[in-house]
Amino acid sequence: MSEPVLRTEQLTKRFGGLTAVDNLSFRLAGGRLHAIIGPNGAGKTTFFNLISGLLTSDGGRVFFHGREITGLKPHEISRLGIKRTLQIKSVFPRLSVVDNLWITSQAGRRFPHPFRDASRDRASREKVERTLEQIGMSSLAQRQAGTLSYGDVALLEIGMALISEPRLLLLDEPTCGMSPAETERAVEKICELARAIDIVIIEHDMEVVFAIADDITVMTQGAILASGNPEEIAADERVREAYLGGEEEEDYVEEAAHA
Amino acid sequence: MISVPWSIPALINGFWVSVIAEILIWSLFAASVNLLFGYVGLLSFGQALYFGFGMYGVAIGISDFGLSFWPAFGLGVAAAMAMALITGIFAVRLTWHYFAIITLVFSLIFYFLALTNKWLTGGDDGINFTLPPTFSLGGITGSLADHTFQYFFILATVSMCFWLMHRLICSPLGKALLAIRDNDVRASLIGLNVYLLRLVAFVMAGFLAGVAGALFALFGRYASATYMFYHVSGEAVVWAIVGGAGTLFGPIVGTTIFIVVREIVSSHWEHHSLIVGVVAILVVIFAPKGVVGLWNEWLTRLAERIDRASIKSELRTNP
């Protein structure tokens, strides 16, 4: 079997007495959209924080395309091509939409030039314009990011992920707090992205997960409970018991699995 | 507007020329606070340390090493930047109040060191020195002993530093710093080396403070530990915030207001710093973006009103 895109070996993170991520060994095959689901506090976001370097692990190792990235700094990991969005929408609020995209496209380069006029760089400007069109935000280009609506901020985040040309994209609840229309738009964008980029997505909206994921991993209490394609997960008894327990949720899963 | 400062010596008396020269120097010092606070989001309460190193670099260079004008000037600026690099390595690991405290502590440590090591610094009394007789730059010779020439030299140096800062703000590095100011976690996730960039900004702020200190030493022919006290750092913070942190010219406006008030009021009333306090409080409450920020807001609002008026009149003409 070829080297997976992302592989973790016995990854562990403890917060005091709580083991948030417990001996997690995870493999991400290339070319598939992988969803991670699980109840609140299952350690999903902590897992992302360990991969992207925001937290340092207490044990275990992380590999990206066969290269060990355990213990690297966030910007070093980012420059290897692992980009992520945050659960709480996170952009540069006092910069314009254009500048948000612009700085994101530049950040991976060598040290930024201290005195050249940034607005003269035509190639980057055109790239920013193309991305604006892709996410449908050209009309909001000059707005301060802090004044955008919630859905637009989420779209901007996706635009920032796009323009940074990721090799692996980690999306943490991208549709959280969106209106149904906005969710639809975002899901469409994510599916489009998934054709070119490897994506891992944390998502609570089961409808979204079962609609877009090729593989699903279920986490509880910092460990993997089950992993498989949507049909297998929907049929898995342990998953139903541990996570999807409620009647209503069960209907959801069956419905989605048959869809 | 731009030609006004250049024609000042011909128009007003010597006292006010030297007040303006002083305003220029202190504006540059306030700009170093502004670069860190307004553009990187780091509030330093210790910029006087680098100002002091700029002063002592010049004073010790001239009086102890017998350096001529430019080498002494260079020594002052280099000393300030080196000190900023050394302290910055520790300081920029921290943010917010921790950063404010560690910069304050560094400046206090060196203030007391300067105060007690009289053999080197002269302590409270400071070092008096006589200016190197002349300096020449590409065929032009001049002496700072000539007050008009001294004023122009300070004006040119300060203008150049502000021009450099303007270039910095519009550059890729400037935008990276703004991104870090806005959201440092996000900045690291898009691939910016937050620590390194903050350190670079800190050394650049050290440069601005160092140039200001070197100019002030040449202006007063004097260097003293008094100028390394945190009181001096605090004043620059107030000037920068009242003028408008995060705007290029905010520090000039803030510094001008306070120094002019001081010069006018202090001869009539000894408690002139009360006015400083009241103005600072009013500005922080009613114009958190400072005087320049308020002015910019007015301009935008005015422009919007004109826009709306023109749209209305268009509607009236083409119903």
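Residues numbered from 1 in each chain as written. Chains lettered and ligands numbered in written order. Predicted model: local features only at pLDDT ≥ 70, side-chain atom pairs only at ≥ 80, totals over all residues.

### Comments concerning the overall build of chain B
Okay, step 1: Assigned secondary structure in chain B consists of 14 helices and four strands.
Okay, step 2: Relative to the compact-globule value of 20 Å for 319 residues, chain B shows a C-alpha radius of gyration of 21 Å, a close match.
Okay, step 3: Structurally, chain B occupies a C-alpha span of about 80 × 55 × 45 Å along its principal axes.
Okay, step 4: Restricting the contact set of chain B to residue pairs at least 6 apart, pairs at least 24 apart contribute 74%. (Helix = DSSP H or I, 4+ residues; strand = E, 2+ residues; numbered from the N terminus. Rg over C-alpha atoms; globule rule 2.2 N^0.38 Å. Contact = placed C-beta atoms within 7 Å.)

### Concerning the domain arrangement of chain B
Residue and element names in this part refer to chain B.
Okay, step 1: Partitioning chain B into structural domains gives domain 1 (4–288) and domain 2 (289–319).
Okay, step 2: When each unit is reduced to the centre of its C-alpha atoms, the spacing between domain 1 and domain 2 is 37 Å.
Okay, step 3: At the junction of the two partners, domain 1 supplies 13 residues and domain 2 supplies six residues.
Okay, step 4: Elements supplying a minimum of two residues to the side of domain 1 that touches domain 2: helix 11 (230–243) and helix 12 (250–265). (Domains from an automatic or database assignment.)

### Some details on the sheet that holds strand 1 (residues 6–15) of chain A
Residue and element names in this part refer to chain A.
Okay, step 1: Overall, antiparallel pairing links the four strands, which are arranged 2-1-4-5 in an open sheet. Edge strands, defined here as strands with exactly one partner in the open sheet, are strand 2 (18–28) and strand 5 (67–68).
Okay, step 2: Of the strand pairs in this sheet, strand 1 and strand 4 (residues 59–64) are connected by five bridges, and their pairing is antiparallel. Among the inter-strand pairings, T12 is bridged to a residue of strand 4, identified as G59. (Pairing = 2+ DSSP bridges.)

### Describing the pairing of strand 3 (residues 33–37) of chain A
Residue and element names in this part refer to chain A.
Okay, step 1: Of all five residues in strand 3, five are buried, a share of seventy percent or more.
Okay, step 2: Burial along strand 3 is two-sided: L33, A35 and I37 facing one way and H34 and I36 facing the other are all buried.
Okay, step 3: Summarising the sheet, strand 3 and strand 8 (residues 198–202) pair through four bridges and their orientation is parallel. Within strand 8, the residue paired with H34 across the bridge is V200.
Okay, step 4: Two strands pair when backbone bridges link them, and strand 3 and strand 9 (residues 215–220) are joined in this way by four bridges, in the parallel orientation. Note on strand 9: the bridge partner recorded for H34 is D215. (Buried ≥ 20, exposed ≤ 12 C-beta atoms within 10 Å, placed from the backbone.)

### Quick look at the packing of helix 2 (residues 14–39) of chain B against helix 10 (residues 194–220) of chain B
Residues and elements named next belong to chain B.
Okay, step 1: It is at 8 Å that the axes of helix 2 and helix 10 come closest, and there the two elements cross at 165 degrees. Classified by the angle their axes make, helix 2 and helix 10 are roughly antiparallel. Where helix 2 crosses over helix 10, the two elements pack in a sense that is left-handed. Residues A21, I25, L28, F29, A31, S32, L35 and L36 of helix 2 pack against A201, F202, M204, A205, L208, A209, V211, A212, L215, F216 and F219 of helix 10.
Okay, step 2: Classifying every residue of the contact of helix 2 with helix 10 gives 18 nonpolar, one polar and no charged. (Axes fitted to C-alpha atoms, helices over the stretch in contact; angles between N-to-C directions. Parallel < 35°, antiparallel > 145°, perpendicular 65-115°, else oblique. Left-handed = near helix turned anticlockwise from the far one by under 90°. Nonpolar A, V, L, I, M, F, W, Y, C, P; charged D, E, K, R; others polar.)

### Quick look at the nonpolar core
Okay, step 1: Counting 167 residues, the largest nonpolar core has I25(B), V58(B) and L208(B) as its most contacted members.
Okay, step 2: The contact partners of I25(B), leaving out residues within four places of it in the chain, are I154(B), V158(B), A212(B), L215(B), F216(B) and F219(B). (Core = buried A, V, L, I, M, F, W, Y, C linked by C-beta atoms within 7 Å.)

### With respect to the interface of chain B and chain A
Okay, step 1: In this assembly, 21 residues from chain B lie in contact with 29 residues from chain A.
Okay, step 2: For the side of chain B that touches chain A, the secondary-structure elements that each account for two or more residues are helix 7 (147–170), helix 8 (172–182) and helix 9 (184–189) of chain B.
Okay, step 3: Split by residue class, the side of chain B that touches chain A holds 12 nonpolar, five polar and four charged.

### Notes on the environment of L11(A)
All names here are of chain A.
Okay, step 1: Residue position: L11 is located in strand 1.
Okay, step 2: Counting along the chain gives 39 residues from L11 to L50, while the straight-line C-alpha distance between them is 8.4 Å.
Okay, step 3: Discounting residues that sit within four places of it in the chain, L11 has contacts with V21, L24, L50, S57, G60 and V62.

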